[in-house]
Amino acid sequence: MKLFISVVSLLLIAFCSYYFLSKYHSAFEADQACHAEKWNLYKEDSRFDCDHDLETDQWILFEIVPNHMPAKVVKRFRY
């Protein structure tokens with residue numbers, strides 16, 4: 001039982017550490033990372049863009065889909 005509690009505690013600490021330490025420190029850093037990745041991967045392809053989501057504190061790299069379908073999220077940049 002002690003081993004189980006130790007393993008669960010270790011996994012919880014690892015998850016929390018990853019979640020809180022993998023974020024950007026500011027909206028500016030997340031914005032720069034989003035636009036840099038957009039430029040490096042997709043150059044001037046007008047189907048891809050970055051947008052700021054105020055409710056979830058993140059920048060989102062997304063692909064615009066034709067025929068008025070919802071956009072596809074490529075990557076999220078949390079801050």
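From a predicted model like this one, the values you see are computed outputs, not experimental measurements. (Residues numbered from 1 in each chain as written. Predicted model: local features only at pLDDT ≥ 70, side-chain atom pairs only at ≥ 80, totals over all residues. Heavy atoms only, no water.)

1. A closer look at the overall build of the protein
Turning to step 1, where the next piece is worked out: For the protein, the count of helices and strands is 2 helices and 3 strands.
Turning to step 2, where the next piece is worked out: Going from N to C terminus, the protein has its helices and strands arranged as α-α-β-β-β.
Turning to step 3, where the next piece is worked out: Its C-alpha radius of gyration of 17 Å places the protein more than 25% over the 12 Å reference for a compact globule of 79 residues.
Turning to step 4, where the next piece is worked out: Expressed along its principal axes, the backbone C-alpha trace of the protein runs to roughly 55 × 30 × 25 Å.
Turning to step 5, where the next piece is worked out: Here the protein holds 79 residues, and 18% of them are scored as buried.
Turning to step 6, where the next piece is worked out: Excluding contacts between residues fewer than 6 apart, the proportion of contacts in the protein whose partners are at least 24 apart in sequence is 31%.
Turning to step 7, where the next piece is worked out: Accessible area for the protein stands at about 6,400 Å²; split by element, carbon and sulfur atoms hold 63% of it. (Helix = DSSP H or I, 4+ residues; strand = E, 2+ residues; numbered from the N terminus. Rg over C-alpha atoms; globule rule 2.2 N^0.38 Å. Buried < 20%, exposed > 50% of the residue type's maximum accessible area, 1.4 Å probe, protein only. Contact = heavy atoms within 4.5 Å. Areas by Shrake-Rupley, 256 points an atom, 1.4 Å probe, with all protein chains shown as cover.)

2. Focus: the state of the cysteines
Turning to step 1, where the next piece is worked out: Evaluation of the coordinates by the stated rule reveals 1 disulfide.
Turning to step 2, where the next piece is worked out: In this model C34 forms its disulfide with C50; the gap between the sulfur atoms is 2.1 Å. On the sign convention where negative means left-handed, the S-S torsion of about -105° between C34 and C50 marks this disulfide as left-handed. Separated by 16 residues along the polypeptide, C34 in helix α2 (residues 27-42) and C50 in strand β1 (residues 48-53) bring together distant segments of the chain.
Turning to step 3, where the next piece is worked out: Residue C50 is classed as buried on the basis of its relative accessible area of 9%. (Disulfide = S-S within 2.5 Å.)

3. Brief notes about the pattern of salt bridges
Turning to step 1, where the next piece is worked out: Summed over all chains, the structure comprises 4 salt bridges.
Turning to step 2, where the next piece is worked out: K75 is the salt-bridge partner of E37, the closest N and O atoms lying 3.2 Å from each other. Taken together, the residues E37 in helix α2 and K75 in strand β3 (residues 72-78) connect sequence positions 38 residues apart.
Turning to step 3, where the next piece is worked out: Here K75 falls in the partly exposed class, since its relative accessible area comes to 34%. (Salt bridge = Lys/Arg side-chain N within 4 Å of Asp/Glu carboxyl O.)

4. Regarding the packing of aromatic side chains
Turning to step 1, where the next piece is worked out: Throughout the structure, instances matching the rule amount to 2 aromatic pairs.
Turning to step 2, where the next piece is worked out: An angle of 45° between the planes, with centres 6.2 Å apart, marks the rings of Y24 and F77 as tilted. Here F77 lies in strand β3 and Y24 lies in the loop between α1 (2-21) and α2, a separation of 53 residues in the sequence.
Turning to step 3, where the next piece is worked out: With a relative accessible area of 30%, Y24 lands in the partly exposed category. (Phe/Tyr/Trp six-rings, centres within 6.5 Å; stacked < 30°, edge-to-face > 60°.)

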